[in-house]
Each structure stands twice: as C-alpha cells, then as structure tokens.
Amino acid sequence: MLNLLCTHNFFSIYYARIVFFYIFDTMDKDKSIDHQLRATWQAVAKLYNEQAAKHGSTMASAFVLLNIDHENGTPSTSLGPLMGMEPTSLSRLLKTMEDKGAIRREKNQEDGRSVLIKLTEFGKEMREISKDSVYQFNNKVREHISEEELNSFFKVTSTINKLIADKMIYQKQKIKII
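For clarity, every value in this text was computed on a predicted model and none was experimentally measured.

Conventions used here
- Residues numbered from 1 in each chain as written.
- Predicted model: local features only at pLDDT ≥ 70, side-chain atom pairs only at ≥ 80, totals over all residues.
- Heavy atoms only, no water.
- Axes fitted to C-alpha atoms, helices over the stretch in contact; angles between N-to-C directions.
- Helix = DSSP H or I, 4+ residues; strand = E, 2+ residues; numbered from the N terminus.
- Parallel < 35°, antiparallel > 145°, perpendicular 65-115°, else oblique.
- Left-handed = near helix turned anticlockwise from the far one by under 90°.
- Contact = heavy atoms within 4.5 Å.
- Nonpolar A, V, L, I, M, F, W, Y, C, P; charged D, E, K, R; others polar.
- Core = buried A, V, L, I, M, F, W, Y, C linked by side-chain atoms within 4.5 Å.
- Buried < 20%, exposed > 50% of the residue type's maximum accessible area, 1.4 Å probe, protein only.
- Salt bridge = Lys/Arg side-chain N within 4 Å of Asp/Glu carboxyl O.
- Pairing = 2+ DSSP bridges.

Student: When you look at the packing of helix 3 (residues 33-53) against helix 7 (residues 121-144) in this model, what are you seeing that I'm missing?
Tutor: Running from N to C, helix 3 and helix 7 cross one another at 140°; their axes reach a closest spacing of 11 Å. As summarised for this structure, helix 3 and helix 7 are arranged oblique, according to the angle between their axes. Handedness of the crossing formed by helix 3 with helix 7: right-handed. Residues Val-44, Leu-47, Tyr-48 and Gln-51 of helix 3 form the contact with helix 7, whose participating residues are Ser-133, Val-134 and Phe-137. Here the residues of the contact of helix 3 with helix 7 sort into 5 nonpolar, 2 polar and no charged.

Student: Would you mind showing me how to read the environment of Leu-150 here?
Tutor: With respect to the helices, strands and loops of the structure, Leu-150 is situated in helix 8 (residues 147-165). For Leu-150, the contacting residues outside a window of four places in its chain are Arg-142 and Ile-145.

Student: I would appreciate a short explanation of the nonpolar core in the present structure.
Tutor: Within soluble globular proteins, side chains that are nonpolar tend to cluster in buried spots. One finds Val-64, Leu-65, Ile-68, Leu-79, Leu-94 and Ile-103 to be the most contacted residues of the largest nonpolar core, which totals 14 residues. Counting only elements with at least two residues in this core, the list comes to helix 4 (59-67), helix 5 (76-83), helix 6 (87-99) and strand 3 (115-119). Here the element with the most residues in this core is helix 6; it accounts for 4 residues.

Student: Looking at this structure, I do not really get the pattern of salt bridges. What am I missing?
Tutor: Between side chains of opposite charge, a pair can form as their charged atoms come close. Per the stated rule, a full pass over the model turns up 10 salt bridges. Here Arg-104 makes a salt bridge to Glu-106, at a shortest N to O gap of 2.7 Å. Judged by its relative accessible area of 36%, Arg-104 falls in the partly exposed class. For Asp-111, the salt bridge goes to Arg-113, with nearest N and O atoms at 3.1 Å. Taking relative accessible area as the criterion, Asp-111 reaches 26% and is therefore assigned partly exposed. Arg-113 gets classed as exposed once you look at its relative accessible area, which sits at 77%. Here the residues in one salt-bridge network are Arg-104, Glu-106 and Lys-118, joined through shared partners.

Student: Got a minute to help me understand the sheet that holds strand 1 (residues 74-75) in this structure?
Tutor: Two pairing modes exist for strands in a sheet, parallel and antiparallel, and in both the strands are linked by backbone hydrogen bonds. The 3 strands lie next to each other as 1-3-2, forming an open sheet whose pairing is antiparallel. Looking at which strands have only one partner, the edges of the open sheet turn out to be strand 1 and strand 2 (103-107). Where strand 2 meets strand 3, 5 bridges bridge the pair, whose relative direction is antiparallel. Pairing of Lys-107 across the sheet is with Val-115, part of strand 3.

Student: Sorry if this is basic, but what is going on with the pairing of strand 3 here?
Tutor: Put simply, side chains in a regular strand alternate between the two faces of the sheet. Of all 5 residues in strand 3, 4 are buried; the element is thus mostly enclosed. Pairing of strand 1 with strand 3 involves 2 bridges; the strand directions are antiparallel. Across the sheet, Pro-75 pairs through a bridge with Leu-116, a residue of strand 3.

On their own, these measurements won't tell you what the molecule is for.
Spelled out as structure tokens, the structure:
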C-alpha cells in the first residue's frame, strides 16, 4: 500500500485515497465531493451513451458534433482543447466519424497547414439529435431543481474548477525529516 501511496500519478493518488478511506472509514463517501462529482458524471455519461446508442452513435461522437461550427467547420487542432481530449483519442474518434459519414476533412483555405473538420448532411442531422438530447436533459433537470439551487451548483463547480486551474488543491508541502 505504501508503494501505491508514493506513486505520483493522479489515478494512483485517487485510488489510494479511496482505499485509505474505506480501510480507515474516516470519511463517508456520500459526503466526499469528488465521489459525488464522479458518480453523477458517470450516471450522466451512461444516460447520454444509451441515448446515443439508439442512433448508432456514442456520447463522445455527439460531443464532437456539438463542438464543430456547423457552418464553417472547426480546425482539427482546436477540437482537442475545446473538448479536453488527447490528440490520439480525438484522431481515432474523428476517423470513425469520417468513416460513418458524419464529418469530412477539408484543407483550411486561410491556413494551408491546418485541416477543417466539417459536418456532412448526415453529421448535421446527428448534431440536431445530439442537441435535442442535451436540451431534454437540461430541461428535465431544471423541472426538479430551483433556479437558486442551480445557481449554487454552478457556483460550486466554478469554484472547484478555479481551485484546480489555480493549482490550489495540492500545494507543495515541505516535509521535515527528524
């Protein structure tokens, strides 16, 4: 277990934290912020994937469709940062979407070095289905959550994102050796 705790990658630290809390039962997982975020996102992702599967797609593909400018296309190099995806994962996903006929690649006329990802007619249809699914989800949630609760939720998530972006969660601590 010590080896697991000493590993410096995120997942090892995350899982070591979970193991620690389960072994020593010092924190109720239902009161753990990261557990609630993760469990909720997994439920949302599962819901979106089930919906996308009804149309022969995936949540990831739908997310790409929603992030492509439906009129002018989007430079391929801009999509990764927009979506928080690694280039290799995005390339594989774009290849699959191109094979299914949802997108096409065109040389960028403004910058000959880059490629624009554009929606095909089929891609535009799939984008509308994806957009409707997102609207449906948001509208249903809004039916059950007050505006005040929703504003609090957005404030909390914004604060968490800012703490992470500002690297204020795991600040370097000096360890004194006696």
